[in-house]
Amino acid sequence: MKRRTALLMAGTIMATWPMLGRPARAQDSQIDWASELGKHDGATLRILMIQDPWVSGFEQLNPIFEQLTGAKVTIDAFGYDQTHEKEVLEGTSQSSQYDIIVLDSPWVGEFWSGEFVEDLKPYIEKTKPEVIAWDDFVPAFQTVAEWEDTIVGVPFGAYFMMMHYRKDLFEQAGLQPPKTIDDYKVAAKHFTNNPDFPGMYGTALNNARGSAIGQSFFEWIFNFGGKPFASTYPGSENPYSDMTPQFNSPEAKQVFEFFKEMLQYQPPGAESIDWEQRAATFTTGKTAMITAWSVRTPGFHDPSKSQIADKIGTSVFPHIEGIDGVPPLGGWVMGINSHSNQKDMAWDYIKWFTSKEVHKQFVLLGGPPSRLSAIEDPEIRAKMPWVETIAETQKHVYAECRPRIPESFEIIDTVGLQFSRALQNQVTVDEALAELQTSIADLMVKGGYTVQQ
Amino acid sequence: MVSRTTKLLFIGPGVAYLAIIGLFPFFYSLYMSTTSLNLTRPRRSQFIGIDNYVQLVTDPLFQKAILNTAILAAGSITLEIVIGFVIAKIFYEIAHIRTVNWLRTLFILPMMVTPVITGLMFTYILNPTLGIANVLLRMVGLPESGWFGSADVALLSVIMVNVWQWTPFLMLIMLAGLMAVPRELYEASALDGAHWYQQSWHIELPALRDVLLVGAIIRLIDNLRFFDVVYIATRGGPGDATEVISMFAYRQSFQFFNMGYGSAAAVLILFITLFVTTLAMRYLRRIEHG
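Residues numbered from 1 in each chain as written. Chains lettered and ligands numbered in written order. Predicted model: local features only at pLDDT ≥ 70, side-chain atom pairs only at ≥ 80, totals over all residues. Heavy atoms only, no water.

### Some details on the overall build of chain A
Threshold: The numbering of helices and of strands both runs from the N terminus, where a helix is a DSSP run of H or I of at least 4 residues and a strand a run of E of at least 2. All radius of gyration figures rest on C-alpha atoms, and the globule criterion is 2.2 Å times the number of residues raised to 0.38. Here the accessible surface of atoms and residues is derived via Shrake-Rupley with a 1.4 Å probe, and residues count as covered only by protein chains that are part of the display. The charged-residue count follows a simple rule in which Lys and Arg add positive charge and Asp and Glu add negative charge, with His and chain termini not counted at all. Just so you know, the charge point we use is NZ for Lys, CZ for Arg, CG for Asp and CD for Glu.
Across its full length, chain A carries 21 helices and 9 strands. The C-alpha radius of gyration computed for chain A amounts to 22 Å, which stays within 12% of the reference 22 Å derived for 453 residues, consistent with globular compactness. For chain A, the spread of C-alpha atoms along the three principal axes comes to 60 × 55 × 40 Å. A total accessible area of about 17000 Å² is found for chain A, and carbon and sulfur atoms account for 49% of it. In chain A, 38 positive and 59 negative side-chain charges are present, and the distance between their average locations comes to 6 Å.

The structure is reproduced here in structure tokens:
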């Protein structure tokens, strides 16, 4: 049944391909894929990626690549931590099992230093500029894909964190979507324990120990006017030149205290919820607003997955009054496994999948818009009105919002542990921050970074 | 008379198998524990002697993991013995009922569920917002709980899941022990006017002591390597409330890829396990020899 459905979907897309694939600009249609791509009859291309909502977009588009090249494409998708674990183990064991590795932005430095992925610069140079159209990618996301003068992956899944709110409830309450963190607090308070909104809670944050709350710190710190490391801030010439942690700053304390304060406006058990669970509180109508990566936005609007599909508005991520906000940027790039035996086929797939015209189809199938042409595309805008918020958000994002150095995963997890301990009152905020200041400084010194003692 | 060569030929494959599967990884782990090896930065690896062990014993998270593991093991095994005994006694008393075999099979079902599935199942059941557990508490007018989400009760919730899954194991062992108690002892004690609790204390528990100790040692080893439920349900959180030693070693080795530090933790865990089980075995032998 599942196979039949997949075949039916593939057939539908292929039948409507010329119509769906109507390019935003005339030059796109000039790509002659038959000559651009090699023939790979009988070969199997294997991709390793996270099980995020866009996997079905890949599965629906892959039959087209299979028809063009004769190759078969298979996808293995896992949860977030498991994807990282599997990809590193594949890399360290020099396995050729996978040809394409889909990696998250904070892993870029780690994967390059571990020699798990190829430098894609030579591949890009030998490809027609109109096929790769590098400048069309969201500028900050171009930076995300680069490391030490190399290109580690080609962007395809840029995530922008946005505020998602219930239009109907905000209208009823006479509130505007929150622009500042104070607005966010006021709105969250208003919807919690309010007889006009029975059973409703203000919001839900990413509070679970580990990557969830660890990443949250990096998402919010810039929006409180702070920075995680001495030289990591928008506009910094070298974001990793001085890695003295800034956990002893007032802004870091404000982030911790903000999370503690907001707990009272969240559903019971919110201390341990992560991306999936807090999204569930929103789509089941239990919370009035949540900040969430734009990759979830199509699902929020899908009536088969959301009870509030037609009641959602989006706005730019909030920040404190008087500063330029830095909405969190994340997302995925596609790299070639440096131990793959089918690198040419892997590159054929990457350049095809990330090209303007296929990317547009990917977005229409629920994929995250990562190209300026897709963000500005009238057809996409008409079908997905929230892309307007992405267009505004992408102007303010910072590529180093989460560190991309090899130690990134450990930094985020360590921050996540102490942040969670403070949230649960196992330690005070000051104790947690003091512990972080020491432990992250030790980690940076061990990694050979400059740390001012 | 079997020749020495023949003996060696028979023993050889087993010894070789053990050396490859058991000894080589152990000595390699021992070697790695003396280095600063990180899989994603292998070129920076250096020999650092016992530094990893020194850091480990002073690491507050590792200390917390040892404490949590001790609480988990003590709490789980105690509850499993108490509940297991009560249920074993019930099954013993209703042994004449025809459907008892079916009931027994039903009761041991949790033991057959994969621990990962158990973790997932209880993640849903104990979800504070959407789970059935809080709905039921609300229905009977009791306060709701944060379960895995609250640092105060998270470890207790993990113990509860552990007890749910493994009480049947100790129950089966104790039921077998009870079946072996001679009927005459009950009859004689009844004639002497002993109450049921006196029979339990003076007849059944001494009879069960040996099997119970074997069962408890097996469960102790299980608890020292308890991982799946914590991995699925709490990841050691909230905070460090459910951090156990196996989770600590896993995080260092397979999330941070600090193979040196993670190996040191694994070696230390092995020695702790050996120490505790040796103590328990000695105690068992002492009992056996009166």
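Still more to cover.
### Things to note about the pairing of strand β3 (residues 100-104) of chain A
All names here are of chain A. Definition in use: In this scheme, a residue with accessible area under 20% of its type's maximum is buried, one over 50% is exposed, and one in between is partly exposed, where area comes from a 1.4 Å probe on protein chains only. Being paired, for any two strands, means DSSP has found at least two bridges between them.
Most of β3 sits inside the fold, with 5 of its 5 residues counted as buried. Of the two faces of β3, the one lined by Ile100, Val102 and Asp104 and the one lined by Ile101 and Leu103 are each fully buried. Where strand β1 (residues 44-50) meets β3, 2 bridges bridge the pair, whose relative direction is parallel. When the sheet's bridge partners are listed, leucine 48 is paired in β3 with isoleucine 101. By the bridge criterion, 5 bridges tie β3 to strand β9 (residues 329-336) in an arrangement that is antiparallel. Bridge pairing in β9 places valine 102 opposite methionine 334.

### Here we look at the packing of aromatic side chains
Residues and elements named next belong to chain A. Formally: Under the pairing criterion, centres of Phe, Tyr and Trp rings, with the six-membered ring standing for Trp, must be within 6.5 Å; the plane angle then separates stacked pairs below 30 degrees from edge-to-face pairs above 60, leaving the rest tilted. When the NZ atom of lysine or the CZ atom of arginine is within 6 Å of a ring's centre and also within 35 degrees of its normal, the charge is said to sit over that ring.
A complete count under the given rule lists 56 aromatic pairs over all chains for this structure. When the centroid spacing of 5.3 Å and the interplanar angle of 75° are considered together, the rings of phenylalanine 58 and phenylalanine 362 count as edge-to-face. In this pair, phenylalanine 58 sits in helix α3 (residues 55-69) while phenylalanine 362 sits in helix α16 (residues 356-364), placing the two residues 304 residues apart along the sequence. Judged on exposure class, the residue phenylalanine 58 and its partner phenylalanine 362 are both buried. Summarising the aromatic geometry, the rings of tyrosine 159 and tryptophan 293 are spaced 6.0 Å apart at their centres and angled 50° between planes, so their arrangement reads as tilted. With tyrosine 159 in strand β6 (residues 154-166) and tryptophan 293 in strand β7 (residues 289-293), this pair connects stretches of sequence that are 134 residues apart. Positioned above the aromatic ring of phenylalanine 137, the side-chain terminus of arginine 371 is 3.9 Å from the ring centre.

### Description of the side chain of serine 340 of chain A
Heads up, the rule is: By the criterion applied in these results, polar contacts are pairs of N or O atoms within 3.5 Å in which, for protein atoms, one can donate a hydrogen and the other can accept it, and in which residues neighboring in sequence qualify only through two side-chain atoms.
Along the chain, serine 340 of chain A turns up in the loop between β9 and α15 (343-353). Here the side chain of serine 340 of chain A touches aspartate 99 of chain A through a polar contact of 2.8 Å, side chain to side chain.

### So, the interface of chain B and chain A
Note the following rule: What makes two residues a contact is simply this: any of their non-hydrogen atoms within 4.5 Å. Summed over both partners, the accessible surface that disappears when two parts come together, traced with a 1.4 Å probe, is what is meant by buried area. Each salt bridge in this description consists of a side-chain nitrogen of Lys or Arg and a carboxyl oxygen of Asp or Glu lying within 4 Å of one another. In this count, Pro and Cys sit with the nonpolar residues alongside Ala, Val, Leu, Ile, Met, Phe, Trp and Tyr, while Asp, Glu, Lys and Arg are called charged and the others, Gly among them, polar.
Counting residues at the interface gives 33 residues for chain B, matched by 33 residues for chain A. Across the chain B to chain A interface the summed buried area is about 2700 Å²; carbon plus sulfur atoms make up 51%. Of all residues in chain B, the largest losses of buried area upon contact with chain A belong to Thr40, Thr129 and Phe256 of chain B, amounting jointly to 19% of the total for that side. Where aspartate 413 of chain A meets arginine 251 of chain B, a salt bridge forms, and the shortest distance between an N and an O atom there is 3.8 Å. Inspection of the chain B/chain A interface yields 17 residue pairs in polar contact (both at pLDDT 80 or more). Across the side of chain B that touches chain A, the residue classes tally to 13 nonpolar, 11 polar and 9 charged.

### Comments concerning the domain arrangement of chain A
Interface size, as often reported, equals the accessible area lost upon joining of the parts. Residues and elements named next belong to chain A. Condition: The start and end points of each domain follow an automatic or database-based domain assignment.
Along its sequence, chain A is organised into domain 1 (2-152 + 330-393) and domain 2 (160-328 + 406-446). With 21 residues of domain 1 at the interface, the matching set in domain 2 holds 20 residues. Across the domain 1 to domain 2 interface the summed buried area is about 1800 Å²; carbon plus sulfur atoms make up 74%. The largest contributions to the domain 1 side of the interface with domain 2 come from Trp386, Thr389 and Thr393, which together make up 33% of the buried area. Taken together, the links from domain 1 to domain 2 amount to 0 salt bridges. Taken together, the connections running from domain 1 to domain 2 amount to 3 residue pairs in polar contact (both at pLDDT 80 or more). Elements with a minimum of two residues in the side of domain 1 that touches domain 2: α4 (80-92), α5 (108-113) and α19 (387-393). Grouping the constituent residues of the side of domain 1 that touches domain 2 by class yields 11 nonpolar, 7 polar and 3 charged.

### Description of α4 of chain A
Residues and elements named next belong to chain A. Heads up, the rule is: Helix span is expected to be 1.5 Å times the residue number reduced by one.
With 13 residues, α4 should cover 18 Å at 1.5 Å per step; its first-to-last C-alpha distance of 19 Å lies within 8% of that length. Listing the buried residues of α4 in full gives Tyr80, Asp81, Thr83, His84, Glu85, Glu87, Val88, Glu90 and Gly91. Downstream of α4 by one or two residues, glutamine 94 has phi in the positive range, about 55°.

### Examining the pattern of salt bridges
Residues and elements named next belong to chain A. With the rule as written, the count across this model stands at 32 salt bridges over all chains. Taking the shortest distance from any N to any O, the salt bridge between lysine 185 and glutamate 261 comes out at 3.4 Å. Of this pair, lysine 185 sits in helix α10 (residues 181-191) while glutamate 261 sits in helix α12 (residues 250-262), and the two are 76 residues apart along the sequence. Taking the relative accessible area as the measure of exposure, glutamate 261 reaches 31% and is therefore partly exposed. For arginine 296, the salt bridge identified is with glutamate 276, shortest N-O distance 3.3 Å. Linking arginine 296 in the loop between β7 and α14 (297-300) with glutamate 276 in helix α13 (residues 275-283), this pair joins segments that are 20 residues apart in sequence. Judged by its relative accessible area of 16%, arginine 296 is buried.

### Re unusual backbone geometry
Note on backbone geometry: most residues besides glycine have negative phi, and most peptide bonds are trans. For the bond from glycine 237 of chain B to proline 238 of chain B, the omega torsion is -5°, close enough to zero to count as cis. Positive phi values are uncommon outside glycine, yet phenylalanine 257 of chain B reaches one of about 60°.

### A look at the environment of arginine 46 of chain A
Residues and elements named next belong to chain A. Summarising the element assignment, arginine 46 is placed in strand β1. With a relative accessible area of 24%, arginine 46 lands in the partly exposed category. C-alpha of arginine 46 to C-alpha of isoleucine 101: the two residues are 55 residues apart in sequence and 8.9 Å apart in space. In contact with arginine 46, not counting residues within four places along its chain, are Thr74, Asp76, Gln97, Tyr98, Asp99 and Ile100.

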